[in-house]
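# Report on the structure
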Amino acid sequence: MNSQLRHLPQVEAVLKMPAILTLIDTYSREEVITVLRSSLANLRADLLAGRSQELPDFDGAEFTASIEKAIGTSRSPNLMPVVNATGIIIHTNLGRARLAPEALQAMYDIGARPSNLELNLATGKRGSRYDHTTALICELTGAESALVVNNCAAAVVLALMGTAVGRKVIASRGELIEIGGSFRLPDVIAQSGATLKEVGSTNKTRLSDYAEAIDDETAVLLKSHTSNFRIVGFTATPSRKDLARLAAEQGLILIEDLGSGVLIDLSPYGLSDEPVVRDILDAGVDLVMFSGDKLLGGPQAGIIAGRAKLINGLRKHPLLRAMRIDKLSLAALEVTLRLYRAPFDPLARIPVLRMLSQPLAEVQARAEKLAQCLQELDGLNVSVAHSSAYVGGGSLPQQTLASFSVLLDGRARWAADAIADALRHSSTPVIGRIHQGQLWLDMRTVTDEEISMIVTACRAILTR
Ligand SMILES: *Cc1c(COP(=O)(O)O)cnc(C)c1O
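Residues numbered from 1 in each chain as written. Predicted model: local features only at pLDDT ≥ 70, side-chain atom pairs only at ≥ 80, totals over all residues. Heavy atoms only, no water.

For clarity, the cut-off: UniProt positions are given in the numbering used here, feature names are shortened, and annotations may be inferred rather than shown by experiment.
In the nomenclature of an unreviewed UniProt entry, the chain is known as L-seryl-tRNA selenium transferase N-terminal domain-containing protein of marine sediment metagenome. One UniProt comment on the chain, placed under Cofactor (unreviewed entry), says "pyridoxal 5'-phosphate".

As structure tokens, this is what we get:
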């Protein structure tokens, strides 16, 4: 055993040293103790593992500085910005959609000062937070009315509770989705107080399957967008128009859980599988639910759009309050929606749409610029290669976007996962993906401003 181990002091002893006492004056005793404990534990582990042979001077400037640095780190927020170089534009683990500057400004203004959140300025009477975005959503989707809650999962629960409690919901076996975080449609239907009636099979469900399942207790036909997977091959599913006709004939409500709501046609950008909200309502769907922070490109929110009579019912639901959208998200959502109207060009203004529609040549230029900056650093082999980016956020699982990546190779010295690990620990973490033994930094999800952050992070890990 390392003889130094016997000289490793107790926390109590270090706490009495003059240099450490100064730290306690500046910070707090609790913080110093927490950091000291883990520092001593690390030293012990290093000695035991033979990674170090010496103990520091616990009352010296170097050790005190290391404790102060650790306190600084523990004081900075856990939630922090990262560089998304994964090539997945709407990455749920990385916070989904970036917001437009206009939306960020709105959050700042509404957060910094009182607002007319629930005050009707025209009458001086109480107003509703739900009124601020209704007309805009109706204009952009063709809906009769709309309601905004805190996310799409809440929108689904509210829509089911408000239309089908104590009654039956008919859904296709091919659409009983799980969207992650164990939000499974069959469980959600049960928890909403409705009874699920499954029809059809995993790959084929016909209109007649729905028709035959309808009885006196049926309230809703539920369609769900199979947004994060595809069943291909021998498949069938009735059209929305046919389902809408059946629902209308039988006095039922047709609801669609859409997930990623697109407000404009993205097929010119090679993304043809994602239905536009307006087309869904035109086909006769009574209520459609979609997220604010997926392809819409706004903040976390859940939007319910459709028939005024149904929306009015949901607005009176006693649990709406438990799902209400907060004022900052509402501010960002309203301004993001406004960017969809002329004279604005949403493809230029909304970051998610700008990234997915950006010409490949611009992505390539960004990759080449980054590669050029990194080539000046010693210790890495840097190259540029074609890659595939994804929309993400559970949208368009099969469609890829042509992209370019910068590939980092640590030669014999660094394995790809060691580089990935070091970049993730940078003061601005950089998140890429490992493929074929190299770290790929995809440039479709990185902005020009973030290039220098990547260069700084790489320089820091190479000179460490
Ligand atoms: C993403 C998704 C949801 C959940 O949306 P959140 O805004 O994350 O709550 C619900 N349904 C479908 C089909 C989805 O893709």
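## Looking at the pairing of strand 5 (residues 195-199)
Inclusion rule: In this description, strands pair whenever DSSP reports at least two bridges between them. A run of DSSP states H or I qualifies as a helix once it reaches four residues; a run of E qualifies as a strand once it reaches two. Both are numbered from the N-terminal end. Seen with the strands pointing away from the viewer, any crossover whose path from the first strand over the helix to the second strand runs clockwise is right-handed.
Two elements, strand 4 (residues 168-172) and strand 5, share five bridges in a ladder whose sense is parallel. Considered in strand 5, the bridge of Val-169 is made with Leu-196. Chirality of the crossover, the property in question, places the unit of strand 4, helix 8 (residues 185-191) and strand 5 among those that are right-handed.

## Considerations on the UniProt feature "domain: L-seryl-tRNA selenium transferase N-terminal" (unreviewed entry) in the chain
When the UniProt feature table is mapped to this numbering, "domain: L-seryl-tRNA selenium transferase N-terminal" (unreviewed entry) covers residues 5-44. Annotated as residues 5-44, this span is 75% helix and 0% strand, and its ends, taken at the C-alpha atoms, are 7 Å apart.

## A short note on the domain arrangement of the chain
The condition is simple: In this entry, domain limits derive from an automatic or database-based domain assignment. Contact definition: two residues touch when any of their heavy atoms are within 4.5 Å. What gets called buried area is simply the loss in accessible area from a 1.4 Å probe that two parts show on being joined, summed for both. A pair is scored as a salt bridge if a Lys or Arg side-chain nitrogen falls within 4 Å of a carboxyl oxygen belonging to Asp or Glu. Think of a polar contact as two N or O atoms within 3.5 Å of one another; within protein, one of them needs to be a possible hydrogen donor and the other a possible acceptor, and neighboring residues in sequence only count if both atoms come from side chains. Each residue is assigned to one of three groups, with Ala, Val, Leu, Ile, Met, Phe, Trp, Tyr, Cys and Pro labelled nonpolar, Asp, Glu, Lys and Arg labelled charged, and all others, Gly among them, labelled polar.
We note that the domain assignment places domain 1 (2-75), domain 2 (83-92 + 353-462) and domain 3 (101-349) within the chain. Across the boundary between the two partners, domain 2 contributes 14 residues, which contact 22 residues of domain 3. Between domain 2 and domain 3, roughly 1,500 Å² of surface is buried when both sides are summed, and carbon and sulfur atoms account for 63% of that area. At the boundary of domain 2 with domain 3, the tally comes to zero salt bridges. Applying the counting criterion to the domain 2 and domain 3 interface returns two residue pairs in polar contact (both at pLDDT 80 or more). At the level of secondary structure, the elements contributing two or more residues to the side of domain 2 that touches domain 3 comprise helix 15 (351-357) and strand 11 (395-409). Across the side of domain 2 that touches domain 3, the residue classes break down as seven nonpolar, six polar and one charged.

## Considering the packing of aromatic side chains
The test is simple: Side-chain rings of Phe, Tyr and Trp (the six-membered ring for Trp) are treated as a pair once their centres are within 6.5 Å; stacked means planes under 30 degrees apart, edge-to-face means over 60, and tilted covers the remaining angles. To sort residues, take the accessible area from a 1.4 Å probe on protein chains only and compare it with the maximum for the residue type: under 20% means buried, over 50% means exposed, and anything in between is partly exposed. Over a ring means this: the NZ of a Lys or the CZ of an Arg is within 6 Å of the ring centre and within 35 degrees of the ring normal.
Using the criterion set out here, one finds one aromatic pair in the structure. Ring centres 4.9 Å apart and planes at 80° place the aromatic pair Phe-58 and Phe-63 in the edge-to-face group. You can call Phe-58 buried: its relative accessible area is 7%. Seen from the ring of Phe-234, Lys-204 lies directly overhead, with NZ or CZ sitting 3.6 Å from the centre.

## A look at the nonpolar core
Here is the rule: Here, nonpolar core refers to any group of buried Ala, Val, Leu, Ile, Met, Phe, Trp, Tyr and Cys residues whose side-chain atoms link them within 4.5 Å.
Core analysis: the largest hydrophobic core is formed by 54 residues, its most contacted members being Leu-221, Val-288, Phe-290 and Leu-356. Excluding residues that lie within four positions of it along the chain, Val-288 makes contacts with Glu-256, Leu-258, Val-277, Ile-280, Leu-281, Ile-303, Ile-304 and Ala-305. Ala-153, Leu-160, Val-220 and Leu-222 belong to the second-largest nonpolar core, a separate cluster that totals 35 residues.

## As for the pairing of strand 8 (residues 287-291)
Burial within strand 8 is extensive, with five of its five residues counted as buried. Bridge count for strand 7 (residues 253-259) against strand 8 is four bridges, and the pairing is parallel. Of the residues in strand 8, the one forming a bridge with Gly-259 is Phe-290. Remark: the strand 7/helix 11 (residues 277-282)/strand 8 crossover connection has right-handed handedness. Two strands pair when backbone bridges link them, and strand 8 and strand 9 (residues 302-306) are joined in this way by five bridges, in the antiparallel orientation.

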